[in-house]
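# Fold and contact review
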Amino acid sequence: MSDSASNIISTILSGLGATVAAAGGGIALTIVLSFIAGLAMLSRSRAVRFVSRVYVEGFRGTSEVVQLFWLYFVLPALVGFKLVPLFAGIIVLGLNHGAYGAEIVRGAVQSVPRAQREGAVALSFSPAQRMFRVILPQAVVEMLPTFNNLFIQLMKSTALLYFISAGEITEKGELLRPVYGSQLVLIYGVELLCYLAIAIVITVVMRLLERVLAKRLGREPPKRDKAFAKVGVTT
């Protein structure tokens, strides 16, 4: 391997930690906000539903880049306090994707069969017990495939942190471009492979979690090898 190729790869990989940190922090914040806002939209209180709906529609309906600029450039001008770039990126990623996740939570909770709710009422469960012991365990399993897609989208959105110099993969690659302009294939190829590797890790973790939670509910997710075998027999 040439010295230039080695330098390109090592420089881009030096931004991998920031990308993983931004994705991990954003995912954690997304999960928290998704459940808070999603359950709030199902609240009996009209005021609570209104506030949660304003949050969801506000962040879904505006540009993630503009949100990032507001938090990192405009807010400091208003309050005199500037956030660390990586922390600002995590907040925006969490707020933006949490708005999408709220709809996932709301839809999954509402998809739980009415019979399950009626059974919990018959057992004299309190509203909190019905939600956390009956409804949410079933709803979470339904949420996981969609959350998997959302988390991968969030991870790819970490590239936006390039605009505020957070030190992630995309910024490292762009810093190399003026020096190694003749090796753009290698620069962007390494970046693509890094994002792909992180996406695969997220998918593997989410599928394992889906399998574990499904087993706890007495559901056995179909194994892919068996599914392919059945297809082979029928065809």
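Residues numbered from 1 in each chain as written. Predicted model: local features only at pLDDT ≥ 70, side-chain atom pairs only at ≥ 80, totals over all residues. Heavy atoms only, no water.

### Concerning the overall build of the chain
What counts here: Note on conventions: DSSP H or I runs of at least 4 residues are helices, E runs of at least 2 residues are strands, and numbering of each starts at the N terminus. Burial classes follow relative accessibility: with a 1.4 Å probe on protein chains only, a residue under 20% of its type's maximum area counts as buried, one over 50% as exposed, and anything between as partly exposed. What makes two residues a contact is simply this: any of their non-hydrogen atoms within 4.5 Å. For every accessible area listed, the method is Shrake-Rupley and the probe measures 1.4 Å; residues are considered covered only by the protein chains on display. Charged residues are defined narrowly, with Lys and Arg counted positive, Asp and Glu counted negative, and His plus the chain ends left uncounted. To locate a charge, the coordinates of NZ of Lys, CZ of Arg, CG of Asp or CD of Glu are taken.
A tally of regular secondary structure across the chain gives 10 helices and 0 strands. Referenced to the eigenvectors of the C-alpha coordinate spread, the extents of the chain come out at roughly 70 × 60 × 25 Å. The proportion of buried residues among the 235 residues of the chain is 39%. Of all intrachain contacts in the chain linking residues separated by at least 6 positions in sequence, the fraction that spans at least 24 positions is 73%. When the accessible area of the chain is evaluated, it comes to approximately 13,200 Å², of which 67% is carbon and sulfur surface. Of the charged side chains in the chain, 23 are positive and 13 negative; the average position of the first set lies 13 Å away from that of the second.

### Quick look at unusual backbone geometry
Note: most peptide bonds trans; most residues except glycine with negative phi. Even without a glycine there, the phi angle at Ser165 is positive, about 55°. Inspection of the secondary structure puts Ser165 in the loop between helix 7 (127-157) and helix 8 (169-176). On the basis of relative accessibility, which here comes to 47%, the residue Ser165 falls in the partly exposed class.

### Points about the UniProt feature "transmembrane region" (unreviewed entry) in the chain
Note the threshold: UniProt positions are given in the numbering used here, feature names are shortened, and annotations may be inferred rather than shown by experiment.
When the UniProt feature table is mapped to this numbering, "transmembrane region" (unreviewed entry) covers residues 20-42, 69-93 and 185-209. Strand forms 0% of residues 20-42 and helix 91%; the C-alpha atoms that close the span are 33 Å apart. Taken end to end, residues 185-209 is 100% helix and 0% strand, and its two terminal C-alpha atoms sit 36 Å from one another.

### So, the packing of aromatic side chains
Cut-off, in case you're wondering: For Phe, Tyr and Trp, where Trp contributes only its six-membered ring, two rings pair if their centres lie within 6.5 Å, and the inter-plane angle classes them as stacked under 30 degrees, edge-to-face over 60, or tilted in between.
Under the definition given, this model contains 6 aromatic pairs. With 5.6 Å between their ring centres and 65° between their planes, Phe69 and Phe73 make a pair best called edge-to-face. On the criterion of helical spacing, the pair formed by Phe69 and Phe73 is a turn pair, its members being 4 residues apart in helix 4 (residues 64-79). Taken together, a centroid distance of 5.5 Å and an interplanar angle of 55° make the contact between Tyr162 and Phe163 tilted. Taken together, the ring pairs connect Phe69, Tyr72, Phe73, Tyr162 and Phe163 into an aromatic cluster.

### Things to note about the pattern of salt bridges
Selection criterion: What makes a salt bridge here is a side-chain nitrogen of Lys or Arg within 4 Å of a carboxyl oxygen of Asp or Glu, nothing more.
This structure, assessed with the given rule, holds 6 salt bridges. Between Arg106 and Glu103 there is a salt bridge, with the nearest N and O atoms lying 2.7 Å from each other. Linking Arg106 with Glu103, this pair stays in helix 5 (residues 85-111), spanning 3 residues, or about one helical turn. The exposure class of Arg106 is partly exposed, given its relative accessible area of 23%. Note on Glu103: relative accessible area 16%, which makes it buried. The shortest N-O distance in the salt bridge between Glu174 and Arg177 comes to 3.0 Å. Judged by relative accessible area, which is 38%, Arg177 ranks as partly exposed. Counted as one network, the salt bridges with shared partners bring together Arg53, Glu57, Arg60, Glu103 and Arg106.

### Some details on helix 9 (residues 184-216)
Our working rule: The span one expects for a helix is its residue count, reduced by one, times 1.5 Å.
Taking 1.5 Å per residue, 33 residues should reach 48 Å; helix 9 reaches 48 Å between its end C-alpha atoms and fits that length. Residues of helix 9 that are buried: Ile187, Val190, Glu191, Cys194, Tyr195, Ile198, Ala199, Ile202, Thr203, Met206 and Ala214. Those residues of helix 9 hidden inside the fold are in contact with helix 1 (3-13), helix 2 (16-40), helix 7 and helix 8. Gly218 sits one or two positions beyond helix 9 and adopts a positive phi of about 85°.

### Details of a nonpolar patch on the surface
This is how the line gets drawn: Any residue with relative accessible area above 30% and no salt bridge may belong to a patch, with like charges joined within 9 Å and the nonpolar Val, Leu, Ile, Met, Phe, Trp and Tyr side chains within 5 Å.
Among the surface-exposed residues, Val66, Trp70, Leu75, Leu78, Val79 and Phe81 lie close enough to one another that they form a single nonpolar patch of about 630 Å² accessible area. Its location among the elements puts Val79 in helix 4. Judged by its relative accessible area of 54%, Val79 falls in the exposed class.

### Here we look at helix 5
For the record, the criterion: What the bend at a residue measures is the angle between two axes, fitted to the seven residues ending there and to the seven starting there.
The end-to-end C-alpha distance of helix 5, which contains 27 residues, comes to 39 Å, matching closely the 39 Å that a straight helix rising 1.5 Å per residue would cover. The largest bend along helix 5 reaches roughly 30° and is located at Ala99. Most of helix 5 sits inside the fold, with 19 of its 27 residues counted as buried.

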